[in-house]
Amino acid sequence: MLLPMDRELPGTQFFSNVQLWDDTVPPLVSDENSDTWIVKCAPEKKLPNGLRNLYRPGHWTEYMGRVFVYLGDNGVKEEEMKRTMTTIPFTAGMVDLLGFIGENKQLFDCIIVSDSNTVFIDWILKAADLHNVFDEVFTNPAAFSSTGYLTVQNFHAHHCAKCPKNLCKRKVLKEFLDKQSERGVSYTQIVYIGDGGNDLCPVMFLKKDDIAMPRQGYTLEKKISRLAQDLSPVECSVLVWSSATEIMSYLKVLIKE
């Protein structure tokens, strides 16, 4: 999720992944992982061991493709999946935070970079009437086939050894900033909100005037702390959060500065 600056005046870019929904850890916007939440549609609300054992680190999208085939084979239809996904609970304070961002869009740009997929994110944002908060969504493309099966593809190809095969969030962030620069849009600060292990790569791209906001107790916070202990801290400032109201409080301070 990215919060940005005013088009005319200096501002802040709020970049959060939403982990809205992330692949292996609970997400940012929601207190549940959208890719694991969908398992509620499976028979007995669980996957067979043989399928779960097919997961390989760094190949989450490929694994979820197999999960969607399993759901389709068991007669799970689009409408059932949609009903399930739109019941996913939001992180404490997140609805208020996104409402605040929406009310101040002249000051912020906001993007999602997620390891989920376009179908899930579209369903969840529209159900919560939050679609207009975000300027762009970068995630794995998905669609229902003619036979009613959900299919998902890798977002892009990259050569980053630190990131999963389907998505390097640093690459997405850099390309977004480059594109904005070509349009004459620049940012005085990036605020990156994340919680997953694959958020460390983009956080290490941030500069000293930027701020990383890792979720307390989650993988990103632990990895940043480990770097500091190894005397290799990230260059940006770090502010840990547990409730999205803490993020909103920080943004309100930025507006007043």
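Everything numeric here is computed off the predicted structure, so don't read it as measured data. (Residues numbered from 1 in each chain as written. Predicted model: local features only at pLDDT ≥ 70, side-chain atom pairs only at ≥ 80, totals over all residues. Heavy atoms only, no water.)

Colleague: Kindly report on the overall build of the protein chain, identifying the contributing residues and their values.
Modeller: When helices and strands are counted, the protein chain shows 10 helices and 8 strands. Intrachain contacts of the protein chain at a sequence separation of at least 6 include 67% that bridge at least 24 residues. When the accessible surface of the protein chain is summed, it comes to about 11,900 Å², and 50% of that surface belongs to carbon and sulfur atoms. (Helix = DSSP H or I, 4+ residues; strand = E, 2+ residues; numbered from the N terminus. Contact = heavy atoms within 4.5 Å. Areas by Shrake-Rupley, 256 points an atom, 1.4 Å probe, with all protein chains shown as cover.)

Colleague: For the pattern of salt bridges, give the residues involved together with the corresponding values.
Modeller: Tallied over the entire structure, the rule returns 9 salt bridges. With a closest N to O distance of 3.8 Å, Lys46 and Glu44 form a salt bridge. As a salt-bridge pair, Asp199 and Lys169 come within 3.2 Å of each other at their nearest N and O atoms. Pair noted here: Asp199 is in the loop between β6 (189–194) and α8 (200–203) and Lys169 is in helix α7 (residues 169–182), with a separation of 30 residues, a long-range link. A single burial state applies to Asp199 and to Lys169, both of which are buried. Ionic contacts of the salt-bridge type, sharing partners, join the residues Arg56, Glu62 and Arg66 into one network. (Salt bridge = Lys/Arg side-chain N within 4 Å of Asp/Glu carboxyl O. Buried < 20%, exposed > 50% of the residue type's maximum accessible area, 1.4 Å probe, protein only.)

Colleague: Could you give an account of the packing of helix α4 (residues 78–85) against helix α6 (residues 118–127), naming the residues involved and the relevant values?
Modeller: Between α4 and α6, the shortest axis-to-axis distance is 9 Å and the interhelical angle comes to 55°. By the angle between their directions, the pair α4 and α6 is classed as oblique. Crossing angle aside, the handedness with which α4 passes α6 is right-handed. For the pair α4 and α6, the contacting residues are Glu78, Met81, Lys82 and Met85 in the first and Phe120, Trp123 and Ile124 in the second. Partitioning the contact of α4 with α6 into residue classes produces 5 nonpolar, no polar and 2 charged. (Axes fitted to C-alpha atoms, helices over the stretch in contact; angles between N-to-C directions. Parallel < 35°, antiparallel > 145°, perpendicular 65-115°, else oblique. Left-handed = near helix turned anticlockwise from the far one by under 90°. Nonpolar A, V, L, I, M, F, W, Y, C, P; charged D, E, K, R; others polar.)

Colleague: Report on unusual backbone geometry, specifying residues and quantitative values.
Modeller: Note: most residues except glycine have negative phi, and most peptide bonds are trans. In this model, Glu44 sits at a positive phi of 60°, which is unusual for a non-glycine residue. Residue placement: Glu44 occurs in the loop between α1 (34–37) and α2 (49–52). Since its relative accessible area comes to 69%, Glu44 is described here as exposed. Look at Leu231: it is not a glycine, yet its phi comes out positive at around 60°. The topology assignment puts Leu231 in the loop between α9 (219–229) and β8 (237–238).

Colleague: Hey, could you go over the environment of Ala92 for me, with residue numbers and the actual values?
Modeller: Among the structural elements, Ala92 can be located in the loop between α4 and α5 (94–103). Using a relative accessible area of 44% as the deciding quantity, one classes Ala92 as partly exposed. For the pair Ala92 and Ser242, spaced 150 residues apart in sequence, the C-alpha separation works out to 8.4 Å.

Colleague: Describe the pairing of β6, with residues and values.
Modeller: The element β6 is extensively covered by neighbouring structure, given that 6 of its 6 residues are classed as buried. Burial along β6 is two-sided: Gln189, Val191 and Ile193 and Ile190, Tyr192 and Gly194, pointing in opposite directions, are all buried. The pairing of β6 with strand β7 (residues 211–214) spans 4 bridges and is parallel. Bridge pairing in β7 places Val191 opposite Ile211. (Pairing = 2+ DSSP bridges.)

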